[in-house]
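Breakdown of the fold
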Amino acid sequence: MGKFLYPDEYYDSTYSINFKKYYNAGYRAVLFDIDNTLVMHDYPSDPRCINLIKRILKTGLKICVISNNDEERVKSFADSLGIEYVYKAGKPLSKGYKAGMEKLGTDISETLFVGDQLFTDIWGANNAHIHSILVQPIDKKEEIQIILKRRLEAPILRRYLKKHKLKKRSGS
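Residues numbered from 1 in each chain as written. Predicted model: local features only at pLDDT ≥ 70, side-chain atom pairs only at ≥ 80, totals over all residues. Heavy atoms only, no water.

**Brief notes about the pairing of strand E2 (residues 29–32)**
Convention followed: Relative accessibility thresholds used throughout: buried, under 20% of the residue-type maximum; exposed, over 50%; partly exposed, between the two (1.4 Å probe, protein chains only). Helix numbering and strand numbering both begin at the N terminus, where a helix is a DSSP run of H or I of at least 4 residues and a strand a DSSP run of E of at least 2. Paired strands, in this sense, are two strands between which DSSP finds at least two bridges. When the strands point away from the viewer, a crossover counts as right-handed if the route from the first strand across the helix to the second turns clockwise.
With burial as the criterion, each face of E2 is covered, one bearing Ala 29 and Leu 31 and the other bearing Val 30 and Phe 32. Pairing analysis gives 4 bridges linking E2 to strand E3 (residues 62–66), with the strands arranged parallel. Paired with Leu 31 across the strands is Cys 64, a residue of E3. Between the parallel pair E2 and E3, the chain is carried across by helix H2 (residues 47–59), and the sense of this crossover is right-handed. Where E2 and strand E5 (residues 111–115) come together, 4 bridges link them in parallel fashion. Paired with Val 30 across the strands is Leu 112, a residue of E5.

This is the structure we're talking about:
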């Protein structure tokens, strides 16, 4: 049960992922969720995020943020980083992921996705058949609807971690 919600990989933070490793493995694009994956919920890009995006772009990877938020939020965030975006992505449907790949000129074999939620981010990446990476949320303080979702996700995540004998993974 719930295997369609299982990520391909799990890291303690977006900021601990070695993106050069993925470029060397043949990936050419990263699709990201924004809130609680790159920055705290509803926050603008910050110096840590800006530095990460610059480092990733230097590896040769292209970047697009994929969000269910409205255009104002997503566009302002992406524009501040000089990257592509898809707003009202409809996660967990695959259409937003496909739109992101189209914008970047990549396909499922060379694109990976990073997000912090199983029911939207990972389920959607798996629906799109792209490599999915789950990260722990940046901030534990969240809106009530996200807290409720996390409670539903918790037993699925525990089964995944037990099956893979993981607690959390850092990015070596």
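Moving on, there is more to tell.
**Quick word on the sheet that holds strand E6 (residues 131–135)**
Sheets are built from strands paired through backbone hydrogen bonds, the pairs being either parallel or antiparallel. Our working definition: To get an axis, fit a line to the C-alpha atoms, keeping to the stretch in contact for a helix; angles then go from 0 to 180 degrees between the N-to-C directions. In this description, contact between two residues means that some pair of their heavy atoms is separated by no more than 4.5 Å.
If you walk across this open sheet you meet the 6 strands as E1-E6-E5-E2-E3-E4, and the pairing is parallel. Bordering the open sheet on either side are strand E1 (9–11) and strand E4 (84–86), each of which pairs with just one other strand. Across this sheet, the average inter-strand angle for adjacent strands is 25 degrees, counted without regard to direction. Where helix H5 (residues 118–127) meets the sheet, it contacts E5 and E6, and its direction lies at approximately 165 degrees from that of E6.

**Topic: a positive patch on the surface**
Quick note on the threshold: For patches, a residue must show more than 30% relative accessible area and have no salt bridge; joins then use 9 Å for like charges and 5 Å for nonpolar side chains, namely Val, Leu, Ile, Met, Phe, Trp and Tyr. We get accessible surface area from the Shrake-Rupley algorithm with a probe of 1.4 Å; when it comes to residues, only the shown protein chains can shield them. The salt bridge definition used is simple: a Lys or Arg side-chain nitrogen within 4 Å of an Asp or Glu carboxyl oxygen. Within this scheme the basic residues Lys and Arg register as positive and the acidic residues Asp and Glu register as negative, but His and the chain ends are omitted. One atom stands in for each charge, and that atom is NZ of Lys, CZ of Arg, CG of Asp or CD of Glu.
There is a patch of like positive charges on the surface, built from Lys 3, Arg 158, Arg 159 and Lys 163. Using a relative accessible area of 54% as the deciding quantity, one classes Arg 158 as exposed.

**Considering unusual backbone geometry**
Cis geometry marks the peptide bond from Lys 91 to Pro 92; its omega dihedral reads 20 degrees. Here Pro 92 shows up in the loop between E4 and helix H4 (95–104). Phi is positive for Asn 36, which is not a glycine, with a value near 70 degrees. Checked against the element boundaries, Asn 36 lands in the loop between E2 and H2. Even without being a glycine, His 129 presents a positive backbone phi close to 65 degrees. Topologically, His 129 is positioned in the loop between H5 and E6.

**Quick notes on H2**
Counting along an α-helix, one turn takes 3.6 residues, and residues three or four places apart therefore face a common direction. Convention followed: Helix span is expected to be 1.5 Å times the residue number reduced by one. Here the arc refers to the set of directions running from the helix axis out to each C-beta atom.
Between its first and last C-alpha atoms H2 spans 19 Å; for 13 residues at 1.5 Å apiece the expected length is 18 Å, and the two agree. Every buried residue of H2 is listed here: Cys 49, Leu 52, Ile 53, Ile 56 and Thr 59. Around the axis of H2, the buried residues are gathered within 115 degrees of arc, so they sit on the same side. Residues Pro 47 and Lys 58 are exposed on H2 and point more than 90 degrees away from its buried face. Of the surrounding secondary structure, the elements contacted by the buried residues of H2 are helix H1 (19–24), E2, E3 and helix H3 (71–81).

**Some remarks on the confidence of the model for the chain**
Note the following rule: What pLDDT reports is the predictor's confidence in each residue, on a scale of 0 through 100.
Summarising the model, the chain shows a mean pLDDT of 89, and 89% of its residues fall at 70 or more. Note that pLDDT drops below 50 for residues 168–172; the model gives that stretch 19 contacts with residues more than four away or on any other chain.

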